[in-house]
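Topology and contacts: notes
The lines below spell out each chain.
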Amino acid sequence: MPRVILARRIALVLAALLVVVLGTATVLAVTWVRRPFPVTHGELKVPGLSAKVEVLRGDHGIPQIYADTAEDLFRAQGFVHAQDRFFEMDLRRHITAGRLSELVGKGGLETDRVIRTLGWRRVAEQELPTLKPETRKYLQAYADGVNAYLHQQSSPSKISLEYVILSRKVPDYRVEDWTPADSLAWLKAMAWDLRGDYDSELMRARLSGTMSINQINDLFPAYRYDVNKPILSAQDWSPNTSSTPSTSARSAVPSLTARAAADPSTTPPASAATKGTPESSPSAQRAYEAVQRALDSVPVTLGRGDGIGSNSWVVSGSHTSTGKPLLANDPHLGVSIPGIWYQVGLHCRAVTSDCPFDVSGYSFSGLPGVVIGHNQSIAWGFTNLDPDVSDFFLEQVRGNTYLRDGKQTPLTMRTETIKIGGGGEQTMTVRSTVHGPLLSDAIETVAQSGEGPLVNGRQSPGSYEVALQWTGIAVTQTADAIFGLDTATSFQQFREAGKDFAVPSQNLVYADTSGNIGYQAPGRIPIRSRYMDAPPGYWIRPGWVSSWDWKGYVPFDQLPYALNPGEGFVVTANQAVTQSGTPFLTSEWDYGFRAQRIRTLLEKDPKVTPAMMSKIQGDTRSQFAPTLVKALLQVDLHGDDFTKQAQDLLKGWDFTNPTGDGPAGAAAAYYNAVWSNLLDLTFNDELPQDLRADGGDQWMQAVATLLAKPRSTWWDDKRTAGITEGQSEILRKALVDARLQLTRELGKDPSAWQWGKLHRLTLRHKVLGGTDVPGMVSALFNRGPIELPGGPAIVDANGWNAAEGFDVTAAPSMRMVVDLSNLDRSRWVNQTGNSGHAFADHYNDQSQAWADNELFQWPFSRDAVKDAGGDELSLVPSDNDNG
């Protein structure tokens, strides 16, 4: 960004800096904004290095790091991450340690109480000594690099502008040294946002007090395997095939000999989830509500809700124009500035067993290594597998004991002290059962309600609480997997690395320069029996009977994988992995609209080009829209010409969702407004405020099913007393209400409506970008709004929440297309930019290209990186270091 433009932008928000922070001269404000900008050329001394490390940054400030040893490489990565993103790193470690109050004051207390209850940081500390020796070395080297940078700064104001603003509330804040456990704790936050089924499980439990099972099940329809294909087809998968991979076309999921069978004699009837039972009693409902409040208190780190998913697919060389595989990936996560990912290259000058890294891709600030990308031999992408890895257990608690197989058992308890920035502290007690922490009393105990549980039809002097069992708060070795993926050079090594990828479970998509493509489902997946005639994990379970406990974990060699499948491609977009129920992974798959659209586009072209891979990433056609539009066009408006003007937009619509003017943009605007109103009329009259329909794929499949049930009770709006609407009236009212809504928001002429005028993204800072922050302050950090195409359950998945409005809430966090025929011809883009410093050149320099689905060249070889030009920084040993 030219200096004149930078000064102009700073001047626009100068008042905020003067009022909130300095109250001094303009020149001083500009100086403080620029003060944390990193040195990116010349030479800097870094203690602990054994030799010079080169950091080459191209046009977008993406560092390619070259070193002689692995320790030097990660020490430099830590230094560079801290240069560009330390406040983000510091925020993440305060969240994951339950210490947010130290950074932001009392406003972080509820968050800290829940995180302390979950114990993310405690688990990270326990995990560290279980990791491989080389992983621990890399984590320590990374931490040393971060600290080398911090020790060179004289005050927090030289590290990031955010500290200047926050010092008004927390004047005594001091930046602490980075530790390996800080890095590991971030993996727990990542796993938390990407774990599966917990929200649906809790939703069903909360609705069980007021609805029948049949009505609840209408909201969770079965997956349509006949419409949207799973990841592995029947032709490429057999549950009893040998698990030894070869270079020929095959895949395997051996039979699950260890799975637990339900005991019919102890399985309660389906009616158990109705009113009058312990699970649906008022006391239990209060416990569920307390858990919901606790869940809502945890800050969104990667993103949460229906829009969180991903697209990743790989095409074999026999189906590409290059003759070698092409691999695409675009993870759909929350939106923020800075964005979630940090682009980086990590290169050993000579690749050896001691220094095995030659890798480039997307990393997390605060964590060494590359999470998604490619090395010199293989490429890989992630989508969320979304298995059911957590269960809520309803517990009968009396004092500091809980009921377990007819006996009162002592709760496990520990004390936590939360320090509050600006002064003060708060002490809390974390209580746990054999299943896990009592999440229902993380903020306040449910026992305070004064009502005890029903036991044998009588009131108990105790209370109901809800414990959470989740694989993410068990000691695992996911950090080992990251370095394993970074250095793998074959499918066998890729699978070996996948064994350690415990949480969050991801669909791992693979390609290599030898021409192979593949897939692996990893993760720590619990084995449990059915409960209440439903799939495992569907309902909250009674914790007082041990027969409902988990029975172990699915062995890795029994998880689905494929090498060179016969179809010649693998598409993963959070849909079902296989049609088989063995092993059981979840009953809560994404319904496969995006995946099927990608498959359709791939099957249209016998030779897929790199450009086609990128074009697919930007596809905006809704797979669900034809189903709903067919019903909408059959609605009789009874002579309402005003609404018919809008209804006619849907005739001949190609079901795409572009931003701009024209027939498609106008139709998309109206269709999405109708969809939002239809959800409100059909569901929100009977759902609690915080469970209103968000409009994602679950609700699409539910409506598709209900369209075939015109007499369903869901078609009655309970808010209209004495009137029973029925399906046709609800559809008509949705058309009418949407016409009136868009007339108010976009004007009277439907042909002039534009989807992009409604569907916009504002990139907000995690701490200083919210609506509770003075506008002049948030303007320092926020960017946008940006008009975006697409929508939920669309390949270009710029999601929005129908219960809140049309603003974008989740989106592709990055996009990449890897060309295995020539890695230097690969392309990538980030949602914002690599820098976390407001007003820096690379703060949001990729955002517009990202919004337009444009990707940049991704140089990988040393020659290509040099040819790309840019800044060159040398990190050299300090005078006190040997060598």
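A tally of helices and strands in the protein chain yields 26 helices and 31 strands. Residues counted as buried form 63% of the 883 residues belonging to the protein chain. A sequence separation of at least 24 residues applies to 74% of the contacts in the protein chain between residues at least 6 apart.

Here we come to the pattern of salt bridges. As enumerated under the stated definition, the model contains 46 salt bridges in all. One salt bridge connects Arg99 with Glu176, and the closest N-O pair in it is separated by 2.7 Å. With Arg99 in the loop between helix H4 (70-96) and helix H5 (100-104) and Glu176 in the loop between helix H9 (161-166) and helix H10 (180-194), this residue pair connects regions lying 77 residues apart in the sequence. In this structure, Arg528 engages Asp391 in a salt bridge whose closest nitrogen and oxygen atoms are separated by 3.0 Å. You can see Arg528 sitting in the loop between strand E20 (517-520) and strand E21 (541-542) and its partner Asp391 sitting in strand E11 (residues 390-398), a full 137 residues away along the chain. For Asp391, a relative accessible area of 0% gives the class buried.

Cis geometry is adopted by the peptide bond preceding Pro504, which originates at Val503 and carries an omega value of -5°. Tracing the backbone shows Pro504 in the loop between helix H15 (491-499) and strand E19 (506-512). Each neighbour pair has its own omega, and for Thr582 with Pro583 the value is -5°, a cis peptide bond. Structurally, Pro583 can be placed in the loop between strand E23 (569-572) and helix H16 (593-604). One non-glycine residue with positive phi stands out, namely Asn564, at about 50°. Tracing the chain through its elements places Asn564 in the loop between strand E22 (561-563) and E23.

With 257 residues, the main nonpolar core has Phe392, Leu439, Trp653, Tyr670, Trp675, Phe683 and Leu875 as its most contacted residues. For this core, the leading source of residues is helix H20 (residues 663-684), giving 14 residues.

Take the side chain of Arg57 next. Along the chain, Arg57 falls in strand E2 (residues 53-57). Polar contacts involving the side chain of Arg57 include one to the side chain of Gln83, which spans 3.1 Å. Among the polar contacts listed, one links the side chain of Arg57 to the side chain of Asp84, at a separation of 3.5 Å. Setting aside anything within four residues of it in sequence, one finds Arg57 in contact with Val39, Thr40, Ile62, Pro63, Val80, Gln83, Asp84, Tyr342, Gly869, Gly870, Asp871 and Leu873.

Turning to the pairing of E19, a few remarks are in order. Of all seven residues in E19, seven are buried; the element is thus mostly enclosed. Burial along E19 is two-sided: Gln506, Leu508, Tyr510 and Asp512 and Asn507, Val509 and Ala511, pointing in opposite directions, are all buried. In this structure, E19 lies alongside E20, joined through four bridges in antiparallel fashion. The partner of Ala511 across the bridge, within E20, is Ile517.

The residue Thr478 is located in helix H14 (residues 478-487) in this model. Residue classification places Thr478 among the buried residues on the basis of a relative accessible area of 1%. Reaching out from Thr478, the side chain makes a polar contact with the backbone nitrogen of Ala502 at a distance of 3.3 Å. Beyond its immediate chain neighbours, meaning those up to four positions away, Thr478 contacts Leu187, Asp500, Phe501, Ala502 and Val503.

Mapped onto the fold, Leu681 is located in helix H20. Considering only alpha carbons, one finds Leu681 and Lys733, 52 residues apart in sequence, at a separation of 8.2 Å. In this view, Leu681 contacts Asp717, Arg719, Ile730, Lys733, Ala734 and Asp737; residues no more than four positions away in its chain are not counted.

On to the environment of Ile337. Tracing the chain through its elements places Ile337 in the loop between strand E6 (326-334) and strand E7 (342-348). Using a relative accessible area of 0% as the deciding quantity, one classes Ile337 as buried. For the pair Ile337 and Arg783, spaced 446 residues apart in sequence, the C-alpha to C-alpha distance is 7.7 Å. In contact with Ile337, not counting residues within four places along its chain, are Leu763, Arg764, His765, Lys766, Phe781, Asn782, Arg783, Thr832, Tyr843 and Asn844.

Mapped onto the elements, Gly373 comes out in strand E9 (residues 372-375). Using a relative accessible area of 0% as the deciding quantity, one classes Gly373 as buried. Expressed as a C-alpha distance, the spacing of Gly373 and Val817, which sit 444 residues apart in the sequence, is 9.5 Å. Other than its neighbours up to four places away in sequence, Gly373 contacts Ser360, Gly361, Ala379, Trp380, Met816 and Trp858.

A few words now on the confidence of the model for the protein chain. Per-residue confidence for the protein chain gives a mean pLDDT of 89; residues scoring 70 or more make up 89%. Note on residues 1-25: pLDDT under 50 across the span, and 43 contacts to partners over four residues away in sequence or across chains. Overall, residues 241-275 carries pLDDT values under 50, and its contacts beyond four positions in sequence, including any with other chains, amount to 104 contacts.

Closest axis-to-axis distance for the helix H8 (residues 133-151)/H10 pair is 8 Å, and the angle between their directions is 110°. Taken together, the axis directions place H8 and H10 in an arrangement best described as roughly perpendicular. Residues Leu139, Gln140, Tyr142 and Ala143 of H8 form the contact with H10, whose own contacting residues are Pro180, Ser183 and Leu184.

A word on the state of the cysteines. Scanning the model with the defined rule gives one disulfide in all. Sulfur-sulfur distance for the disulfide between Cys348 and Cys355 comes to 2.0 Å. One quick way to see it: the torsion about the S-S bond of Cys348 and Cys355 is about -85°, and its sign makes the bridge left-handed.

Another point: the packing of aromatic side chains. A full pass over the atoms with the stated rule returns 39 aromatic pairs. Ring geometry for Phe494 against Tyr510: centres 4.8 Å apart, planes inclined by 45°, an arrangement best described as tilted. Of this pair, Phe494 sits in helix H15 while Tyr510 is found in strand E19, placing the two residues 16 residues apart along the sequence. The burial state of Phe494 is the same as that of Tyr510; both residues are buried.

We now examine H8. Quick reminder: α-helices carry 3.6 residues per turn. Residues three or four places apart thus point the same way. If you check H8, its first and last C-alpha atoms are 27 Å apart, about what 19 residues at 1.5 Å a residue would give, namely 27 Å. Among all positions of H8, only Thr135, Tyr138, Leu139, Ala141, Tyr142, Ala143, Gly145, Val146, Asn147, Ala148, Tyr149 and Leu150 are buried. Residues of H8 that are buried sit in contact with H4, H10 and H14.

Relative orientation of the contacting elements H14 and H15 amounts to 170°, with a least axis distance of 8 Å. By the angle between their axes, H14 is roughly antiparallel relative to H15. When H14 is examined against H15, the residues Ala481, Gly484, Leu485 and Thr487 are found in contact with a partner set consisting of Gln493, Phe494 and Ala497. Considering only residue class, the contact of H14 with H15 consists of four nonpolar, three polar and no charged.

Let's shift gears to helix H6 (residues 109-118). Of all ten residues in H6, nine are buried, a share of seventy percent or more. Those residues of H6 that fall on the buried side of the exposure criterion are Leu109, Thr111, Asp112, Arg113, Val114, Ile115, Arg116, Thr117 and Leu118.

Conventions adopted
Residues numbered from 1 in each chain as written. Predicted model: local features only at pLDDT ≥ 70, side-chain atom pairs only at ≥ 80, totals over all residues. Heavy atoms only, no water. Helix = DSSP H or I, 4+ residues; strand = E, 2+ residues; numbered from the N terminus. Buried < 20%, exposed > 50% of the residue type's maximum accessible area, 1.4 Å probe, protein only. Contact = heavy atoms within 4.5 Å. Salt bridge = Lys/Arg side-chain N within 4 Å of Asp/Glu carboxyl O. Core = buried A, V, L, I, M, F, W, Y, C linked by side-chain atoms within 4.5 Å. Polar contact = N/O pair within 3.5 Å; in protein donor to acceptor, adjacent residues only side chain to side chain. Pairing = 2+ DSSP bridges. pLDDT = per-residue confidence, 0-100. Axes fitted to C-alpha atoms, helices over the stretch in contact; angles between N-to-C directions. Parallel < 35°, antiparallel > 145°, perpendicular 65-115°, else oblique. Disulfide = S-S within 2.5 Å. Phe/Tyr/Trp six-rings, centres within 6.5 Å; stacked < 30°, edge-to-face > 60°. Expected span 1.5 Å × (residues − 1). Nonpolar A, V, L, I, M, F, W, Y, C, P; charged D, E, K, R; others polar.

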